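# Structural overview for review
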Amino acid sequence: MPIQFTTDGSPGYRRLALWQDIVCDVFVGLDCKSDLGSAFHGSVTQVALGKAVCSEVCSDRQHVFRTPSRIARSDQDYVLVALGHRGDGGVVQDGRETVIHPGEFALYDTTRPYELKFKDTFSQTIFKVPREMLQRRLGRTETLTAITFGADVPLERLAYDFIFRLCQSADRLAPNSAAALSEQAVDLLAMALSERLGGTSLPSSTHRSALLYRLKAHIRTRLADPDLSLTETAAALGISSRYVNDLLADEDTSFQRHVLAERLAQCKRDLASPVLAQRHISEIAFAWGFNDLSHFGRVFREHFGMSPRDYRQSQLRH
């Protein structure tokens, strides 16, 4: 069920204080300021979407701070994707500042200080993602914050539309569907971020991270292809096969081990899904790039401590 809060119906002199106490303290851990006083209005709706959370925030003008002291008192470890659909909103983090217009989105990270600036009435959809979900796909995220991703790039627009519409429907989705769709949303987001970094002139200090972003995104889009290879991947990125493994060595893995781990993770997710309960285990394995069922069963057991069949039964009993 969605969690909802609005200042409507509260005494004027209490509205801003309630917004601070309930929304800024409980929902996200922020300091909120506005010069409107008793004229202030705001509302927020929040609903879980798998490991992610969707929020709809509508408010009058305000200035919001995520301060070091707030961070020190918090265990929140999220990347927030702010999608604008009415009014403009500024984001300041990691030495950068940008403005989110309707149809655009930007990221900020709860583990480091940031500011949000709203000079007029606005509404945004906030897609709150555990940082590890994005890091698993892209690596480090520091170079991605406070950058506007806009409507003029097809993949960025596709990511905006998918996440926005998904959040609009989040409270009507079954839990298993919500979890699967949130993973797909992060997949699409990672692809859009990787494409942007791939076409941007980056400082040398971030070039290696950008290549790792692109490498992981390429692998994820080709997981279902049993012919996915180190040589083809290196050629697609314009680097050597040795450099591909060198990049992945930063995370104590290799091309083959990373591809195997990603394929197994997708198979594990599908085996746990009631929606796919009638689908044969072999179909799931082959759909994610395995071409030898005995090999799939062996590596699945090695990674997860049980056979694919036993794992499926253990999940679908719950």
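All values derive from a computational prediction rather than experimental measurement.

## A look at the nonpolar core
Counting 32 residues, the largest nonpolar core has L83, F105, L107, F127, L134 and L193 as its most contacted members. Of all elements in the fold, only β3 (42-49), β4 (52-59), β6 (78-86), β9 (105-109), β11 (122-130), α3 (131-138), α4 (154-169) and α5 (175-198) reach the threshold of two or more residues within this core. If we skip the residues at most four places from it in the chain, L107 touches V79, L80, V81, V91, L134, L144, T145, A146, I147, F149 and L193.

## Describing the domain arrangement of the protein chain
Parsing the protein chain into structural domains produces domain 1 (3-172) and domain 2 (206-316). Taking only C-alpha atoms into account, the centre of domain 1 sits 32 Å from that of domain 2. Taken together, both faces of the contact between domain 1 and domain 2 bury some 690 Å²; the carbon and sulfur share is 51%. Across the domain 1-domain 2 interface, the total number found is 0 salt bridges. Where domain 1 touches domain 2, the interface holds 0 residue pairs in polar contact (both at pLDDT 80 or more).

## Quick word on the state of the cysteines
Inspection of every chain in the model, using the stated rule, returns 1 disulfide. The disulfide bridge from C54 ends at C167, spanning 2.2 Å between sulfur atoms. Where C54 bonds to C167 through sulfur, the torsion about that S-S bond is close to -65°, and the disulfide is left-handed. With C54 in strand β4 and C167 in helix α4, the pair connects residues that are 113 residues apart, well separated along the chain.

## Considering the environment of I163
Along the chain, the position of I163 falls in helix α4. For I163 and I100, which are 63 residues apart along the polypeptide, the C-alpha to C-alpha distance reads 16 Å. Setting aside anything within four residues of it in sequence, one finds I163 in contact with L83, F127, A185 and L189.

## A short note on the sheet that holds β6
The 6 strands lie next to each other as β1-β3-β4-β11-β6-β9, forming an open sheet whose pairing is antiparallel. Both edges of this open sheet fall to β1 (3-6) and β9, since each of them pairs with a single strand only. Strand-to-strand, the axes of this sheet are offset by a mean angle of 20°, without reference to chain direction. Here β4 runs beside β11; their pairing, made up of 7 bridges, is antiparallel. Bridge pairing links V53 to K128 in β11. Contacts between α3 and the sheet are confined to β6, β9 and β11, with β11 contributing the most and set at about 70° to the helix.

## Remarks on the confidence of the model for the protein chain
Of the residues in the protein chain, 94% have a pLDDT of 70 or more, and the chain-wide mean is 88. Within the protein chain, the element-level pLDDT minimum falls on helix α6 (residues 204-221), averaging 71, and the maximum on strand β7 (residues 89-93), averaging 97. Under a pLDDT of 50 for its full length, residues 199-206 has, in the predicted model, 3 contacts with residues more than four places off or in other chains.

## Thoughts on unusual backbone geometry
With a phi close to 55°, D94 is a non-glycine residue in the positive phi region. With a phi close to 60°, D252 is a non-glycine residue in the positive phi region. With respect to the helices and strands, D252 occurs in the loop between α8 (241-249) and α9 (255-271).

Calculation criteria
Think of each chain on its own: its residues are numbered from 1, step by step along the sequence as written. Thresholds applied to this predicted model are a pLDDT of at least 70 for local features of residues and 80 or more for the giving and counting of side-chain atom pairs; totals over whole chains, interfaces and linings are not thresholded and use all residues. Side-chain calculation: all heavy atoms of the structure are included, whereas hydrogens and water are not. Nonpolar cores are built from buried Ala, Val, Leu, Ile, Met, Phe, Trp, Tyr and Cys residues. Side-chain atoms within 4.5 Å join them into one set. Accessibility here uses a 1.4 Å probe with only protein chains present; expressed as a share of the type maximum, an area under 20% marks a residue as buried, one over 50% as exposed, and anything in between as partly exposed. Think of it this way: any DSSP run of H or I at least four residues long counts as a helix, any run of E at least two long counts as a strand, and we number them from the N terminus. For this analysis, residues touch if any pair of their heavy atoms sits within 4.5 Å. Boundaries between domains were set according to an automatic or database domain assignment. In short, buried area is how much 1.4 Å probe accessible area vanishes from two parts on joining, totalled over both. One side-chain nitrogen of Lys or Arg within 4 Å of one carboxyl oxygen of Asp or Glu is enough to make a salt bridge. Any pair of N or O atoms that falls within 3.5 Å is considered a polar contact. Within protein, one atom must be able to donate a hydrogen and the other to accept it, and sequence-neighbouring residues count only if both atoms are side-chain atoms. Note on disulfides: each one is a pair of cysteine sulfur atoms within 2.5 Å. Strands qualify as paired when DSSP identifies two bridges or more between them. Lines fitted to C-alpha atoms define the axes here, with helix axes fitted over just the stretch in contact, and angles between the N-to-C directions of these axes take values from 0 to 180 degrees. As a per-residue measure, pLDDT reflects the predictor's confidence and takes values from 0 up to 100.

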